[in-house]
Each structure stands twice: as structure tokens, then as C-alpha cells.
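# Tertiary structure, described
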Amino acid sequence: MHRFALHRVWDTRGEAEKMTALLTPRNVLLAVLLAFLALLPVYSTLTGNYFLMSLFTRILILAMAAVSLNLIMGFGGMVSFGHAAYLGIGGYAVGILAKEGINSAFVQWPVALLASGLFALGVGALCLRTRGVYFIMITLAFAQMVYYVAIGLDRYGGDDGLTIHKRSQFFDSVNLSNRAFFYYLCFALLLLAVYVVWRLVNSRFGMVIQGARSNERRMRAIGFPVFRYKLVCFVISGVMCGLAGILLANHTDFISPALMFWTRSGDLMVMAVLGGMGTVFGPVIGSIAFLLLEEGLSQFTEFQGIILGPMLLAVALYARGGIDGILMGLRRG
Amino acid sequence: MLYLIEQCLNGIQLGMLLFLLAAGLTLIFGIMDLVNLAHGSLYMIGAYFAATFAAVTGSFVLGAILALVATLVVGMALEVIAIRRLYGRDHLDHVLGTFGLLLFFNELVRLIWGPAGMTLPLPSEMLTAVQVLPGVYYPAYRLVIIVATLVVALLLYVLVMRTRVGMLIRAGASNREMVGALGVNVKLLYTLVFGLGAALAGFAGLMQAPILTVQIGMGENILILAFVVIIIGGIGSIRGAFVAAIIVGLIDTMGRAFLPDLVRQFVSYSAGSSLGPSLSSMIIYMLMAAVLVFRPEGLFPASSK
């Protein structure tokens, strides 16, 4: 409910109360986080620490994928275990077009988004006929199908993947190879994605989706064509994740089927849940936490899974609200 | 023609392997309502145990038996330590928790056995080819896999349909609370069922070990195929899993064997060699989609088993 809390605060309380109500540990952390993300390229450029900027570019991109997953999983209750497929489709659309000599972003990006959207439409139309565990397994299976198709694409590297020699080209003045520029582009698009999700879930459309999560039969009985609503939501999420795929391909200059192996979908799911499902900023926090943890653990042990694995189990068992939930708990406690 | 028969047998063999995995998955899902992503890890562990024990004892059969027992024990221990806490929770919790277990097992295996894969050499008497039909030779070991799995499937059928434990398992699948209320130790029953599923997965792993390299992550690809099998067969139905496993095994193998050539008949050679493998890997998913459109509950819905 805290998503709506801010509105209520503005309406009913005095100025001073408004300020204290806004100064929750969660909001302070968010503000600090956003400031840090905004200033990171400045720090990197001054100190020459480009590794940090590259790491955070990756984090921002995967955070966007997690945000898109959260839209259907956290708000719509559709547990998609195949979201890495959209990363792959977005990435492969860029890679294949680049390989065929088409570098213009004005062609690459719409094609990539359209491809992700169409795939989401097809998969969604099938999956949404089922529910629960079927839904999980079917999204998983279709994502794995795309993975095998990519392996079969001999012309585009097959199993070994494909190097992208030239990043997407906009106008001459816009250069995606500029690291700081690319970082800010990813940051801006991530904020845009979060904003879009926030607007969506607070709209009438979002209410229908969330209503369907709570009780689909009742929503249908009121007269909403729930299937269509959910399908549209599924497609929006797929397109958003496809955008993350475009950025990821441009960031790594390389695509391979490993991009969409099913464990990658699992990672995205972990990011969304770890941060806090069903809150718009949760997946961003979750992605930062998960990827930094992974990176940090790899510094002193090569066996990260020994620690990460049981940690995930613990999150599943004891901390379903994720980090966001813990922060909310601080406020109450 | 010879090639066709050989591919048929290969398909059945793949189907048998898938059945072993799918039976465990569907049993665990049907009775405990648990989605287990770590099932592939048990398959991997079975293969590692078999390779290790066979090397220690010097006997393939002895190694296989020890590995089977060891996987059963690992499975039951896993249930008691971790899986038990996931019952009755959201499917998303199952997915997250068992995904964590999968990461854990991958790293644990890397820690114990090292990053390099292992091989499990076959005893020499199984390396020969057997004449299955006049003029048709087939590797003896692959026949052993088919026969052994059929025996296991039969034993499973007898266990579930003809014994007291099987009766409790079936009762547990249809009404958990009632079985508990009648004084059955449901906790123990669940541990046994999970152990049984683990042993089936381990058996699949150890039978497959001599054909493939034993390596980390070997269970991850096959797990998804097992999912496809139980979706087609109907979740919770062992009979459905058996039929669907053979269908999927045959279609997948046939597709890979013949589709690339077939495609080349219609399009240019170079396009065909790129399109063929992609198409053949899609067939079983297309089949799954078709089943979902016409029978969303699978071919053998669990309610009518």
C-alpha cells in the first residue's frame, strides 16, 4: 500500500509532517542511491576507474530488465521464468542487423522492440491460458526454445556468439561508444522505465492488473476482459526487457546464446524479489545488491554459489518483502 | 532404413532418460505441490557419485549401486534440511529457493570434484554392438539403458499402484490433510517421496554418465526438457510422463536426424544448414504449444489418473 502513501500524505498533513513523513530510511536511501548513480561517471572520469562505470552500466541495464519483470510478476502475479529471452531477442536483433551492415539505431531499435513485443505476444497468448506452475514452466520452456534457436544460427556465431563491431548509430553528434554518455543513456532509460511502471500500476489499467492478481474470477465477473489486460501487460514488459537487451548488446559489443540461458532468467527473478517485489524501485535496489554481491564475492572466493545459494533460500523463506520490505519494516519499528 | 531404426532406438533411449527425471519431478509436484529446480542437480550428483564410486571400487555395477544409494541419501537429507520448509508456500518461493539450491550444488560439486569434468569408462562387455534385427547393430550399453529404465518404470508402477506405501502416496496426492488426519506420518512420507524422486534422477544421471561427460551444469539443459515432458503429459501424472517422455524423445531425435536434410530439399543448401538445426530444436516446443492450445491440462490430466 505504501506506493500510494505519498499521495495521501500530501493531501492531508501539514508541511512539517510532510517532511518527516518523507524522511523514512527507505526514501533517504533511495535519494542517496540516485545521487550516487548520477555522480558515478564524474568520479570514474576523474579517477580513471572505468571498471566501476562499466560494472554499473551493466547493473543499470539488468535493473531495467528486473523492473520489466517486476511489472508482470510483482504487480500482475504472472511469474515469468523466461525473461532472459527478451534480453536475448533485443540483443540478437541489434547483433544480426549490425552483422548485415545495418547500423542505424533508427532501424535496429524499432526492429528489436518489435521482435520482443511479438514474441511476448505469442508466448503470452499461450501462457496466459494457464496458471500457476504451468505458467512458470511454459515461460521457461519457450525461453529455452529461443536459446536453442540462437545456438542453431550458424551464420550469427551459433554457440560461440557474435561480436558487434559497431554500436547502434544515431545522429553524428550522438556516440554510444562514449562511456559516460552511454552510462547516462542507460540511467535515463532506467528512470524512464521506472516512471512508466509507476504510472502504469497507478492507472486504471494497473488497478485491473493488480485486481486480477488478487482475484481473477472476481475481476472477470465485474466485466473486465482480464485476459486482454494481462496480455497487454505481458507485452509491455517484454518490450521493456527487449530495450534492456538492446542496451546490453551495445554495452558488451557481443551477444551469445548464454545471454538467455534459463539460469539468467533465474538471476533476473532473484533481482526482482531480492529488492522487493511489487514496489517500483525494489528491483533497482535488488539488482544493485545482487550484482554487487556477486562481484564482491568473486573478489575473495571463486565459489560464490556456496554463499549465494543458501542466501536465496533464506530470502525465499524468511524475507519475501526483500530489501525494500526490510526498509519499510525499519520505518514501522 | 537402418539409420531410421537406429534413430528410433536413440529416441526411445532419450525418452527413457527423460522419463526418469520427469517421473521424479511429477511425483514431487503431485504429492508435495513443490516445483523443484534442483532436480537437475540430483541428476548431476548421481553421475558424479557413479564416476567416483566406479573408480574407487573398480566395478561399474557396484559403483552404480553405491551412487544410487548415495543420491537417495542426499535427496532425503536435502528434504529434511531445506525442502521441507518450502511446502505449502507460494510457487515463486519454490522457484527462488530451489534455484538457490541449484547454485549451491553447482559450486559444491566444483569445490569437491574440481572444475574439470569426469568420465565413467564402461566395462568392456558393454562396449560391443548387439545385433537387434538382422543386419542392425546397436551399442549394447544403450540397450542396457532402455531395458534398465523399463524395469525401473515397471517397479515404480508396482510400487505406486500395488503396495501400501504407494497407496499412501496416491492418497497423499489427492488429499494431504486427510491422510495426515488418519494417522499417517506425512512428514516421513514426504521425505520418502522426495528421496525416491532424487534416486530416480540420480539413476538417470548415472546411466547417462558413460555416454556424456560428467560435468557441472549437466542437469540444467535436461531439466527443461523434463519440464516440457510433464507439461505435455499433464503435471502430476506418472503415466502421462511416460507417454510424453517417449513422444518427446522420439520427436526430438528424429527432428535432429532428419529435419536438416528435409529443409535442404526446399531451400538453398547454406540456408538449410542454418535453418535446419534451429527448426529441429524448436519442434518439441511447438508440440508443447499445440498440446497447450488443445489440452491445456496435458494429455493425461492428473485428476483422471
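See the structure shown above.
Reading the values: rules and limits
Numbers given for residues are sequential positions, taken from 1 along each chain in its written order. Each chain gets a letter, beginning with A, and each ligand a number, beginning with 1, in the order they are written. Whole-chain, interface and lining totals are the exception, using all residues; otherwise, since this is a predicted model, local features are given only for residues with pLDDT of at least 70 and side-chain atom pairs are given and counted only at 80 or more. Side-chain measures were taken over the full set of non-hydrogen atoms in the model, leaving aside hydrogen atoms and water. Helix and strand definitions follow DSSP, with helices as H or I runs of at least four residues and strands as E runs of at least two, each counted in order from the N terminus. Computation of the radius of gyration draws on C-alpha atoms alone. For the globule rule, the value is 2.2 Å times the number of residues to the power 0.38. When a residue's accessible area, from a 1.4 Å probe over protein chains only, is under 20% of the maximum for its type it is buried; when over 50% it is exposed; and in between it is partly exposed. The contact criterion used throughout is that any non-hydrogen atoms of two residues lie within 4.5 Å. To be clear on the numbers: accessible area is Shrake-Rupley with a 1.4 Å probe, and residue cover counts the displayed protein chains and nothing else. Two parts placed together each lose some accessible area under a 1.4 Å probe, and adding up what both lose gives the buried area. Definition used for salt bridges: Asp or Glu carboxyl oxygen within 4 Å of a side-chain nitrogen of Lys or Arg. Classification convention: Asp, Glu, Lys, Arg as charged; Ala, Val, Leu, Ile, Met, Phe, Trp, Tyr, Cys, Pro as nonpolar; all other residues, Gly among them, as polar. Only the contacting stretch of a helix is used when fitting its axis, a line to C-alpha atoms as for every element, and angles between N-to-C directions run 0 to 180 degrees. In these notes the angle categories are as follows: under 35 degrees is roughly parallel, over 145 is roughly antiparallel, 65 to 115 is roughly perpendicular, and the rest is oblique. Here is the rule for handedness: rotate from the far helix to the near one, and if that takes an anticlockwise turn smaller than a right angle the crossing is left-handed, while a clockwise turn gives right-handed. Patch rule: a residue counts if its relative accessible area is over 30% and it has no salt bridge; like charges are joined within 9 Å, and nonpolar side chains (Val, Leu, Ile, Met, Phe, Trp, Tyr) within 5 Å. We call two N or O atoms a polar contact when they sit within 3.5 Å, provided that within protein one can donate a hydrogen and the other can accept it, with sequence-adjacent residues counted only if both atoms are side-chain atoms. Two rings from Phe, Tyr or Trp (for Trp, the six-membered ring) form a pair when their centres sit within 6.5 Å of each other. Planes less than 30 degrees apart are called stacked, planes more than 60 degrees apart edge-to-face, and all others tilted. Any Lys NZ or Arg CZ found within 6 Å of a ring centre and within 35 degrees of that ring's normal is scored as a charge over the ring. Helix span is expected to be 1.5 Å times the residue number reduced by one. Think of a nonpolar core as a cluster: buried Ala, Val, Leu, Ile, Met, Phe, Trp, Tyr and Cys residues, connected wherever their side-chain atoms sit within 4.5 Å.

On to the overall build of chain A, then. Across its full length, chain A carries 15 helices and 2 strands. Computed over C-alpha atoms, the radius of gyration of chain A comes to 20 Å, within 12% of the 20 Å expected from 2.2 N^0.38 for 333 residues, which places it in the range of a compact globule. If one aligns the C-alpha atoms of chain A with their principal axes, the spans along those axes are about 60 × 55 × 45 Å. Per-residue burial over chain A gives 57% buried out of 333 residues. Taking the contacts inside chain A whose residues are at least 6 apart along the sequence as the reference set, 78% of them involve residues at least 24 apart.

Before going further, it helps to examine the overall build of chain B. A tally of helices and strands in chain B yields 11 helices and 2 strands. Traced from its N-terminal end to its C-terminal end, chain B shows the element sequence α-α-α-α-β-β-α-α-α-α-α-α-α. Taking 19 Å as the expected radius of gyration for a compact globule of 305 residues, we find that chain B reaches 20 Å, a close match to that expectation. Structurally, chain B occupies a C-alpha span of about 65 × 50 × 40 Å along its principal axes. Across the 305 residues in chain B, those meeting the buried criterion constitute 54%. Considering only contacts within chain B whose residues lie at least 6 apart along the sequence, 78% involve residues at least 24 apart. When the accessible area of chain B is evaluated, it comes to approximately 12,600 Å², of which 69% is carbon and sulfur surface.

Now for the interface of chain A and chain B. If you look at the interface, chain A gives 46 residues, while chain B gives 49 residues. Summing the contributions of chain A and of chain B, the shared interface buries around 4,200 Å²; its carbon and sulfur component is 77%. Among the residues of chain A in contact with chain B, Tyr134, Met137 and Trp262 of chain A are the three that bury the most area, contributing 16% of the side total. In this assembly, chain A and chain B are joined by 0 salt bridges. Counting residues per element, the ones that place at least two in the side of chain A that touches chain B are helix H7 (133-152), helix H12 (262-275) and helix H14 (304-318) of chain A. In terms of residue count, H7 of chain A provides more of the side of chain A that touches chain B than any other element does, 14 residues in total. Class assignment for the residues of the side of chain A that touches chain B results in 31 nonpolar, 9 polar and 6 charged.

The next subject is the environment of Val152 of chain B. All names here are of chain B. Summarising the element assignment, Val152 is placed in helix H5 (residues 140-162). In this structure Val152 comes out as buried when scored by relative accessible area, which is 18%. For the pair formed by Val152 and Met16, sequence separation is 136 residues and the distance between their alpha carbons is 10.0 Å. Ignoring sequence-local partners within four residues, the contact set of Val152 consists of Leu20, Leu200 and Phe203.

This brings us to the packing of helix H2 (residues 39-57) of chain B against helix H8 (residues 186-208) of chain B. All names here are of chain B. Where H2 contacts H8, the two axes come as close as 7 Å, and the packing angle between them is 55°. With respect to H8, the axis of H2 lies oblique. With respect to the hand of their crossing, H2 and H8 are arranged in right-handed fashion. Between H2 and H8, the residues in contact are His39, Leu42, Tyr43, Gly46, Ala47 and Ala50 and Phe194, Gly197, Ala198, Ala201, Gly202, Ala204, Gly205, Leu206 and Gln208, respectively. Partitioning the contact of H2 with H8 into residue classes produces 9 nonpolar, 6 polar and no charged.

Oppositely charged side chains can pair when the atoms bearing their charge come close. Scanning the model with the defined rule gives 8 salt bridges over all chains in all. In this structure, Asp93 of chain B engages Arg89 of chain B in a salt bridge whose closest nitrogen and oxygen atoms are separated by 3.2 Å. Each of the salt bridges in this network shares a partner with another, and the network as a whole consists of Glu216, Arg220 and Lys230 of chain A.

Next up on the list: a nonpolar patch on the surface. Residue and element names in this part refer to chain B. On the surface, Leu262, Phe266, Val267, Leu275 and Leu279 cluster together to form a nonpolar patch covering roughly 480 Å² of accessible area. The set of elements that each furnish at least two residues to the nonpolar patch consists of helix H10 (238-266) and helix H11 (269-294). Within the fold, Leu275 resides in helix H11. Exposure remark for Leu275: the relative accessible area of 40% places this residue in the partly exposed category.

The next point concerns the packing of helix H3 (residues 60-81) of chain B against H8 of chain B. All names here are of chain B. Where H3 meets H8, the closest approach of the two axes is 7 Å, and the angle between their N-to-C directions is 140°. By the angle class used here, H3 and H8 are oblique. In this structure, H3 crosses over H8, and the sense of that crossing is right-handed. Residue-level inspection shows Ala64, Ala67, Leu68, Thr71, Leu72, Gly75, Met76, Leu78, Glu79 and Val80 of H3 in contact with H8, the latter providing Tyr190, Thr191, Leu192, Phe194, Gly195, Leu196, Ala198, Ala199, Gly202, Phe203 and Leu206. Split into classes, the residues belonging to the contact of H3 with H8 amount to 15 nonpolar, 5 polar and 1 charged.

Okay, the side chain of Thr130 of chain A next. Tracing the sequence through the fold places Thr130 of chain A in the loop between helix H6 (105-127) and H7. There is a polar contact of 2.7 Å between the side chain of Thr130 of chain A and the backbone oxygen of Cys127 of chain A. Look past the residues within four positions of Thr130 of chain A in its chain and what remains in contact with it is Phe135 and Ile138 of chain A together with Leu292 and Pro296 of chain B.

A few words now on the side chain of Gln13 of chain B. Residues and elements named next belong to chain B. One can find Gln13 in helix H1 (residues 2-32). We classify Gln13 as buried; its relative accessible area is 3%. Non-local contacts of Gln13, meaning those with residues more than four positions away in its chain, are made with Tyr138, Arg142, Ile145, Ile146, Gln208 and Ile211.

We now examine the packing of aromatic side chains. Within this structure, the stated rule accounts for 24 aromatic pairs over all chains. With a centroid separation of 5.9 Å and 90° between ring planes, the pair formed by Phe224 of chain A and Tyr229 of chain A is classed as edge-to-face. Judged by its relative accessible area of 15%, Tyr229 of chain A is buried. For the pair Phe49 of chain B and Trp113 of chain B, a centre-to-centre distance of 5.9 Å together with 75° between the ring planes defines the contact as edge-to-face. Of this pair, Phe49 of chain B sits in helix H2 while Trp113 of chain B is found in helix H4 (residues 91-113), placing the two residues 64 residues apart along the sequence. For Phe49 of chain B, a relative accessible area of 15% gives the class buried. Exposure remark for Trp113 of chain B: the relative accessible area of 23% places this residue in the partly exposed category. Positioned above the aromatic ring of Phe182 of chain A is the side chain of Arg167 of chain A, whose terminal nitrogen or guanidinium carbon lies 5.1 Å from the ring centre.

Here the focus is H5 of chain B. With 23 residues, H5 of chain B should cover 33 Å at 1.5 Å per step; its first-to-last C-alpha distance of 32 Å lies within 8% of that length. Turning to H5 of chain B, its buried residues are Ala140, Tyr141, Ile145, Ile146, Ala148, Thr149, Val152, Ala153, Leu156 and Val160 of chain B.

Moving on: the nonpolar core. Of all hydrophobic cores here, the largest spans 217 residues; its most connected members are Phe119, Phe142 and Trp262 of chain A together with Met32, Phe227 and Met288 of chain B. A per-element tally of this core places helix H4 (residues 50-75) of chain A first, with 17 residues. Those residues in contact with Phe142 of chain A that lie beyond four places of it in its chain are Phe119, Val123 and Leu126 of chain A together with Tyr285, Met288 and Ala289 of chain B.

Attention now moves to the environment of Thr45 of chain A. Residue and element names in this part refer to chain A. By the element assignment, Thr45 lies in helix H3 (residues 25-47). Accessibility expressed as a relative area gives 45% for Thr45, which makes it partly exposed. For Thr45 and Arg179, which are 134 residues apart along the polypeptide, the C-alpha to C-alpha distance reads 9.5 Å.

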